Amino acid sequence: MEANTERKPVIFSAIQPSGTITLGNYLGALKNWVSLQDEYDCIFSLADLHTITVRQEPAKFRKNTLEAYALLLACGIDPEKSIFFIQSHVSAHAELAWVLNCYTQFGELSRMTQFKDKAAKHADNVNAGLFAYPSLMAADILLYQADLVPVGADQKQHLELTRNIAERFNSAYSPTFTVPDGYIPKQGARVMSLQDPSRKMSKSDENANGYVALLDPPEVVMKKFKRAVTDSDACVKYAEGKDGVNNLMGIYACVTGKSYEEIEQEFQGRGYGDFKTAVGEAVVEHLRPIQERFQKYIADKAYLEQCYRNGAERAGRIAGRTLAKVMKKIGFLPAR
Ligand code: TRP
């Protein structure tokens, strides 16, 4: 092993390229990824292998993946600073996932709450991939010897399982995998639905007014904020029981950098109408340069191709090293 003195901690994270990327994905995850790129060795991936646990229409899936790649670049993922690749382009993910499946118990996977939720939601397609989803996620993380993994609350259980799998493998053989920790961002926002602020903002919301897509045009963003659910006491103040207002304040704070006190002062004696308009306008201004960069990237297929090929090559070298170690320790007869 080379000395670890110069190495920055490694961060790995991934997002599925399944259609719409929302303001919730951006403020909750992507914006933080962007800010981690100087301090850490970051490896980011589009988890397209995970996406086929739900049936995809081929042309649409291809388009979604390319657009998600362009959109993440537009958000500020820098392919010079970080490794940014598409999961299915690095075959080691599928290979290590198979291996780790054999070190993961049926009982463990059965206890995953996301599996139980998704199985209930897609009762007509409870496939083995959906069940084994967490061991593929473990493979993603462990291939890069990641020290830290920024994940939302809904992925904590999967990260805990990843740690268990890593420790199990390490003690069955010898230290092979870095056991990753969760990374809790300093300024994290949990963005809730604009229509039902007790639920997380989600692209699978039946009501499209509940979420803002990063590529929604300005007038759509404004309309969605103007319709956002608030409460009846007409006071812009962060307080328990005011989920709708709290959510809007969180979003406004995130995109303007203002504190809650500053926001309360700004809107003292003013109604929710003014407040919602201000939040909408601030979001529109924040998204404007992202949308402009997206248009530029998506029009330049050659550049996108060059970026994701380069990402896959760099990721593949690191992943290949880990996979080779694993195969050797297990006792597979080397091909050469
Ligand atoms: N399962 C994650 C999600 O849906 C995406 C993901 C796949 C991921 N592999 C990962 C996140 C590895 C963190 C690390 O949000």
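Now for a look at the structure at hand. (Residues numbered from 1 in each chain as written. Predicted model: local features only at pLDDT ≥ 70, side-chain atom pairs only at ≥ 80, totals over all residues. Heavy atoms only, no water.)

## Some thoughts on the packing of aromatic side chains
A complete count under the given rule lists 17 aromatic pairs for this structure. Look at Phe 106 and Phe 131: their rings are 5.1 Å apart centre to centre, the planes differ by 45°, and that puts the pair in the tilted class. Placement of Phe 106 in helix α5 (residues 106-110) and of Phe 131 in helix α7 (residues 128-143) is noted, with a sequence separation of 25 residues between them. By way of ring pairs, the aromatic residues Tyr 103, Phe 169, Tyr 173 and Phe 177 are connected into one cluster. Here the basic side chain of Lys 224 rests over the ring of Tyr 211, its NZ or CZ set 4.9 Å away from the ring centre. The ring of Tyr 297 has Lys 296 sitting right over it, with the charged end atom 5.0 Å from the ring centre. (Phe/Tyr/Trp six-rings, centres within 6.5 Å; stacked < 30°, edge-to-face > 60°. Helix = DSSP H or I, 4+ residues; strand = E, 2+ residues; numbered from the N terminus. Lys NZ or Arg CZ within 6 Å of the ring centre and 35° of its normal.)

## Quick look at the site of the ligand
Taken together, 13 residues lie near the ligand, and His 50, Tyr 133, Met 137, Asp 140 and Gln 155 sit nearest. Here a nitrogen atom of the ligand sits 2.6 Å away from a polar atom, N or O, in the side chain of Asp 140. Between Gln 155 and the ligand, the recorded distance is 3.3 Å, taken from a side-chain N or O atom to a nitrogen atom. Here the ligand has 360 Å² of accessible area as a free molecule, and 88% of this is covered by the chains. When contributions to the shell around the ligand are tallied by element, the ones reaching two or more residues are β1 (10-15) and α7. Among the elements that line the shell around the ligand, the one with the most residues is α7, at four residues. (Near = heavy atom within 4 Å. Polar contact = N/O pair within 3.5 Å; in protein donor to acceptor, adjacent residues only side chain to side chain. Areas by Shrake-Rupley, 256 points an atom, 1.4 Å probe, with all protein chains shown as cover.)

## Details of the packing of helix α1 (residues 23-36) against helix α10 (residues 243-256)
Taken N-terminus to C-terminus, the directions of α1 and α10 make an angle of 50°; their axes are 12 Å apart at the nearest point. As judged from the angle between their axes, α1 and α10 are oblique. Once α1 is placed against α10, the crossing between them reads as left-handed. Every residue of α10 that contacts α1 at Leu 23, Leu 27 and Lys 31 is listed here: Ile 251, Cys 254 and Val 255. Per-class residue counts for the contact of α1 with α10 are five nonpolar, no polar and one charged. (Axes fitted to C-alpha atoms, helices over the stretch in contact; angles between N-to-C directions. Parallel < 35°, antiparallel > 145°, perpendicular 65-115°, else oblique. Left-handed = near helix turned anticlockwise from the far one by under 90°. Contact = heavy atoms within 4.5 Å. Nonpolar A, V, L, I, M, F, W, Y, C, P; charged D, E, K, R; others polar.)

## Describing the pattern of salt bridges
Counted by the stated rule, this structure contains 17 salt bridges. Close ionic contact of Arg 199 with Asp 196 constitutes a salt bridge, the shortest N to O distance being 3.8 Å. Classification of Arg 199 as partly exposed rests on a relative accessible area of 38%. By relative accessible area, Asp 196 is classed as partly exposed at 27%. (Salt bridge = Lys/Arg side-chain N within 4 Å of Asp/Glu carboxyl O. Buried < 20%, exposed > 50% of the residue type's maximum accessible area, 1.4 Å probe, protein only.)

## Points about empty space enclosed by the protein
Tallied over the full model, the rule gives one cavity of 30 Å³ or more. Considering only enclosed or pocket space, the largest cavity measures out at about 40 Å³ in volume. Met 112, Gln 114, Phe 115, Lys 118, Leu 130, Tyr 133, Pro 134 and His 158 together form the lining of the largest cavity. The set of elements that each furnish at least two residues to the lining of the largest cavity consists of α6 (113-121) and α7. Its residues assigned to classes, the lining of the largest cavity comprises five nonpolar, two polar and one charged. (1 Å grid on protein atoms, 1.4 Å probe; cavity = no way out; pocket = protein on both sides within 12 Å on 5 of 7 lines; lining within 4 Å. Points joined across faces, edges and corners; volume = space filled by probe spheres on them.)

## Regarding the pairing of β1
Of all six residues in β1, five are buried, a share of seventy percent or more. Of the strand pairs in this sheet, β1 and strand β2 (residues 41-46) are connected by six bridges, and their pairing is parallel. Directly across from Ile 15, in β2, lies its bridge partner Leu 46. Once the chain exits β1 it traverses α1 before rejoining the sheet at β2, and the crossover so formed is right-handed. (Pairing = 2+ DSSP bridges. Right-handed = clockwise from strand over helix to strand, strands pointing away.)

## Considerations on unusual backbone geometry
Glycine aside, a negative phi is what most residues show, and trans is what most peptide bonds show. Its identity is not glycine, yet Gln 145 carries a phi of approximately 50°, on the positive side. Position of Gln 145 relative to the elements: it lies in the loop between α7 and β4 (148-150). Residue classification places Gln 145 among the buried residues on the basis of a relative accessible area of 16%. Although it is not a glycine, Ala 234 sits at a positive phi angle of roughly 50°. Position of Ala 234 among the secondary structure elements: in the loop between α9 (218-226) and α10. Ala 234 sits in the partly exposed class, given a relative accessible area of 48%.

## Some thoughts on the pairing of β2
With respect to burial, β2 is a largely interior element, five of its six residues being buried. As judged from the four bridges shared by β2 and strand β3 (residues 83-86), these two strands associate in the parallel manner. Within β3, the residue paired with Phe 44 across the bridge is Phe 84.

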